[in-house]
Amino acid sequence: MAAVTPSTAGRTPLIAGNWKMNLDHLQSIAFVQKLAWSLKDARHDFAAAEVAIFPPFTDLRSVQTLIKADDLPLAFGGQDLSQHDSGAYTGEISGAFLAALEAKYVIIGHSERREYHQESDELIAAKVAAAHRHGLVPIVCVGETAEDLEKHGPSAVPVAQLRVALEGAVTGKQLVVAYEPVWAIGSGQAATSEQAQQVCAALREVLSEALGAEVAQATRILYGGSVKAANIAGFMREADIDGALVGGASLQLEEFASIAQFRKHVGT
Ligand code: PGA
């Protein structure tokens, strides 16, 4: 079988590593350095697959300094942001601060934020608006629980979540969508590529209705949930999957580098 050719219709694939609450700033520096070496060794073509990392907030300044000093071709972003810009919001992080650190992306509405911090679709829309106000590219996460899946079928919940989230989007600003079935996150039980494709196609329809066909065609939709080197190629062959949001496997250096190198996977 030939090496993987992604069907992304001109969209640059994005492999994003969500570190969640792992790695302090010293560990982050060591990891980023090794990741950059490993990808360089493998002659990774960053124009053909962008690689982004999402460390904890306390690591961001160190990561930014390293990436800048060594001119590393890695993008980075925050795992969340406040819907507010400044003021009496103890513990919150403004999009302005992320922008000042030259973060490119910010993850919004991850299922762990929705579940443990009761983030509503409306709050997520406000955060999308905040990201756009500060020139950040939001990675908007949507996905159904196992219970939703049983009750409403595969795409009803993510489609409804995305519709509301897009109310915060500013016309002309870039965004990324991540379809992450909650039952697949951290479970070792990834969706099949066919299942993921079906939902991602429905999400592209939502993008088309809300933002127009042209924007929908240009917008990247990622799959997330137990992605690893052994299953990335199958997802990347699907027409509406343009990359992956990777949790657990993004903390394993060789595994993550291998996911980023999905084009070289043969026969998987
Ligand atoms: P996982 O997490 O890859 O460990 O399943 C994905 C995510 O939560 O973004």
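Reading the values: rules and limits
- Residues numbered from 1 in each chain as written.
- Predicted model: local features only at pLDDT ≥ 70, side-chain atom pairs only at ≥ 80, totals over all residues.
- Heavy atoms only, no water.
- Near = heavy atom within 4 Å.
- Polar contact = N/O pair within 3.5 Å; in protein donor to acceptor, adjacent residues only side chain to side chain.
- Areas by Shrake-Rupley, 256 points an atom, 1.4 Å probe, with all protein chains shown as cover.
- Nonpolar A, V, L, I, M, F, W, Y, C, P; charged D, E, K, R; others polar.
- Buried < 20%, exposed > 50% of the residue type's maximum accessible area, 1.4 Å probe, protein only.
- Helix = DSSP H or I, 4+ residues; strand = E, 2+ residues; numbered from the N terminus.
- Contact = heavy atoms within 4.5 Å.
- Pairing = 2+ DSSP bridges.
- Right-handed = clockwise from strand over helix to strand, strands pointing away.
- Axes fitted to C-alpha atoms, helices over the stretch in contact; angles between N-to-C directions.
- Expected span 1.5 Å × (residues − 1).
- Arc of directions from axis to C-beta.
- Disulfide = S-S within 2.5 Å.
- Phe/Tyr/Trp six-rings, centres within 6.5 Å; stacked < 30°, edge-to-face > 60°.
- Parallel < 35°, antiparallel > 145°, perpendicular 65-115°, else oblique.
- Left-handed = near helix turned anticlockwise from the far one by under 90°.

**Q** Got a minute to help me understand the site of the ligand in this structure?
**A** Neighbouring residues of the ligand: 13 residues in total, closest Lys-20, His-110, Glu-180, Gly-186 and Ser-226. Separating an oxygen atom of the ligand from a side-chain N or O atom of Lys-20 is a distance of 2.6 Å. Here an oxygen atom of the ligand and a backbone polar atom of Ser-226 are 2.7 Å apart. Protein contacts shield 95% of the accessible area of the ligand, which totals 280 Å² for the unbound molecule. Each residue belonging to the shell around the ligand can be placed in one class, and the counts come to four nonpolar, seven polar and two charged.

**Q** Would you take a moment to explain helix α2 (residues 60–69) for this structure?
**A** Residues that lie three or four places apart on an α-helix share one face, since the helix turns once every 3.6 residues. For α2, the full list of buried residues reads Leu-60, Ser-62, Val-63, Gln-64, Leu-66 and Ile-67. Among the structural elements, α1 (25–41), β2 (50–54), β3 (75–78) and α3 (95–100) are those in contact with the buried residues of α2.

**Q** How do you make sense of the pairing of β2 when you look at a structure like this?
**A** Every regular strand shows the same layout, with side chains that alternate between the two sheet faces. The buried fraction of β2 amounts to five of the five residues, a majority that puts the element mostly inside the structure. The alternating pattern of β2 places Glu-50, Ala-52 and Phe-54 and Val-51 and Ile-53 on opposite faces, both of which are buried. Here five bridges tie strand β1 (residues 14–18) to β2, and the two strands are oriented parallel to one another. Bridging across to β2, Ile-15 finds its partner in Val-51. With α1 bridging β1 and the parallel β2, this β-α-β connection has right-handed handedness. Sheet topology places β2 next to β3; two bridges connect them, and they run parallel. Across the sheet, residue Ile-53 finds its bridge partner in β3, namely Phe-76.

**Q** Would you mind showing me how to read the side chain of Gln-197 here?
**A** Tracing the backbone through its elements, the reader meets Gln-197 in helix α8 (residues 193–211). Contact partners of Gln-197, with chain neighbours within four places excluded, come to Glu-238, Ala-239, Asp-240 and Ile-241.

**Q** What is the right way to read the sheet that holds β2 from this model?
**A** In a beta sheet, neighbouring strands pair by backbone hydrogen bonds and run either parallel or antiparallel. Ordered in space as β1-β2-β3-β4-β5-β6-β7-β8, the eight strands form a closed barrel in which the pairing is parallel. Neighbouring strand axes in the sheet, compared pairwise and without regard to direction, differ in orientation by 25 degrees on average. Here two bridges tie β3 to strand β4 (residues 105–108), and the two strands are oriented parallel to one another. In the sheet register, Gly-78 faces β4, and the bridge partner there is Val-106. Across the sheet, α2 lies against β2 and β3, angled at about 165 degrees from β3, the strand it touches most. In the packing of helix α7 (residues 156–165) onto the sheet, contacts are made with β5 (137–142) and β6 (176–179), and the angle to β5 comes to roughly 150 degrees.

**Q** Help me understand α1, please; the structure alone is not making it clear to me.
**A** In this model, α1 (17 residues) spans 24 Å end to end at C-alpha, consistent with the 24 Å of a helix rising 1.5 Å per residue. For α1, the complete set of buried residues consists of Ser-28, Phe-31, Val-32, Leu-35, Ala-36, Ser-38 and Leu-39. The buried side chains of α1 occupy one side of the element, clustering within an arc of 165 degrees when seen end-on. Of the exposed residues in α1, the ones pointing more than 90 degrees away from its buried face are Leu-26, Trp-37, Lys-40 and Asp-41. The distance from a side-chain oxygen at the start of α1 to the backbone nitrogen of Leu-26 is 3.0 Å, and the residue carrying that oxygen is Asp-24.

**Q** Just checking my understanding: could you explain the state of the cysteines for this structure?
**A** One way to say it: the disulfide is the covalent bond shared by the sulfur atoms of two cysteines. Scanning all chains against the criterion turns up zero disulfides. In this model Cys-141 remains outside any disulfide bridge; the closest cysteine sulfur is found in Cys-200, 12 Å from its own. Residue classification places Cys-200 among the buried positions, given a relative accessible area of 0%.

**Q** Would you mind showing me how to read the packing of aromatic side chains here?
**A** For any pair of aromatic rings, the description consists of the separation of the ring centres together with the inter-plane angle of the planes. Tallying each qualifying case throughout the model produces four aromatic pairs. A ring pair is formed by Trp-19 and Phe-31, whose centres lie 5.1 Å apart and whose planes are at 75 degrees; its orientation type is edge-to-face. Taken together, the residues Trp-19 in the loop between β1 and α1 and Phe-31 in helix α1 connect sequence positions twelve residues apart. Since its relative accessible area comes to 0%, Trp-19 is described here as buried.

**Q** Would you explain the packing of α1 against α2 in this entry?
**A** Relative placement of two packed helices is described by the angle separating their axes and the distance separating the axes. Where α1 meets α2, the axes come as close as 9 Å, and the angle between the chain directions of the two elements is 30 degrees. In terms of orientation, α1 and α2 fall into the roughly parallel class. Relative to α2, the crossing made by α1 is right-handed. Between α1 and α2, the contacting residues are His-25, Ser-28, Ile-29, Val-32 and Gln-33 on the first element and Ser-62, Val-63, Leu-66 and Ile-67 on the second. Each residue belonging to the contact of α1 with α2 can be placed in one class, and the counts come to five nonpolar, four polar and no charged.

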